[in-house]
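Residue-level structure breakdown
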Amino acid sequence: RYDINKSISPSMDICVSSNFERYLYHLAGDDPTTLSSWMKAFESTGQLTITGKKLEIAQADFLSARADTSMTLSTIKEYHEKHDYMLCPHSAVGVSAIQQLKEINHSTVCLATAHEAKFPDACSMAVKPLPTPPVELSSLKNMKTRSSRCPNDAK
């Protein structure tokens, strides 16, 4: 694992995604023993080595791109100006990736991951003034925060 570099897209600031581990489980043929050996090797070496047919499947399943802060902000601004739509920083990373990979066509769908009003500091770096957030969301700022401590006793 590497140190995390914080960005304006905090949900992207992770080392090992639980969704990726779920993908690996399915890649392993839903075999928990194989997944466990892969994850133990990864934890001890920092590397995940998959070969043969499983590697071919994984390579066919994924494309990748990256979006730094300036690219993310540029995408937020572009979509706001062209489409009158505010992307949250996480959604903007995804949209930037499909643009970079030239994966936009008549069947491309990019799902928004969160409401942009949850990220006013980041979004205001790209768009000013920000759209008025929905009442349901803005009213949360004035509500009391509640929490409960639960014992870590899962069995």
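Residues numbered from 1 in each chain as written. Predicted model: local features only at pLDDT ≥ 70, side-chain atom pairs only at ≥ 80, totals over all residues. Heavy atoms only, no water.

For the chain, the helix and strand inventory stands at seven helices and zero strands. Scaling as 2.2 N^0.38, a compact globule of 155 residues should have a C-alpha radius of gyration of about 15 Å, whereas the chain reaches 20 Å, well beyond that. Dimensions of the chain, computed from the C-alpha atoms along their principal axes, are close to 50 × 45 × 30 Å. Evaluated residue by residue, the chain yields a buried proportion of 24% over its 155 residues. (Helix = DSSP H or I, 4+ residues; strand = E, 2+ residues; numbered from the N terminus. Rg over C-alpha atoms; globule rule 2.2 N^0.38 Å. Buried < 20%, exposed > 50% of the residue type's maximum accessible area, 1.4 Å probe, protein only.)

A word on the packing of aromatic side chains. Each aromatic ring pair is specified by the distance between its two centres and by the angle formed by the two planes. Taken as a whole, this structure holds three aromatic pairs when the rule is applied. Taken together, a centroid distance of 4.8 Å and an interplanar angle of 85° make the contact between Y23 and F62 edge-to-face. One end of the pair, Y23, is in helix α1 (residues 18-27); the other, F62, is in the loop between α3 (52-61) and α4 (69-83), with 39 residues separating them in the sequence. A relative accessible area of 18% means that Y23 is categorised as buried. (Phe/Tyr/Trp six-rings, centres within 6.5 Å; stacked < 30°, edge-to-face > 60°.)

Let's shift gears to α4. Note: α-helices contain 3.6 residues per turn, so residues at a spacing of three or four share the same orientation. The end-to-end C-alpha separation of α4 is 21 Å, in line with the 21 Å expected for 15 residues at 1.5 Å each. Every buried residue belonging to α4 is among T72, L73, T75, I76 and Y79, and all of these are buried. Seen from one end, α4 has its buried residues packed into an arc of 155°, which puts them on one side. Turned more than 90 degrees from where α4 packs its buried face, E81 and K82 sit exposed. Buried residues belonging to α4 abut α5 (89-100) and α6 (120-123). Positive backbone phi, approximately 50°, marks D84, located one or two places after α4. (Expected span 1.5 Å × (residues − 1). Arc of directions from axis to C-beta. Contact = heavy atoms within 4.5 Å.)

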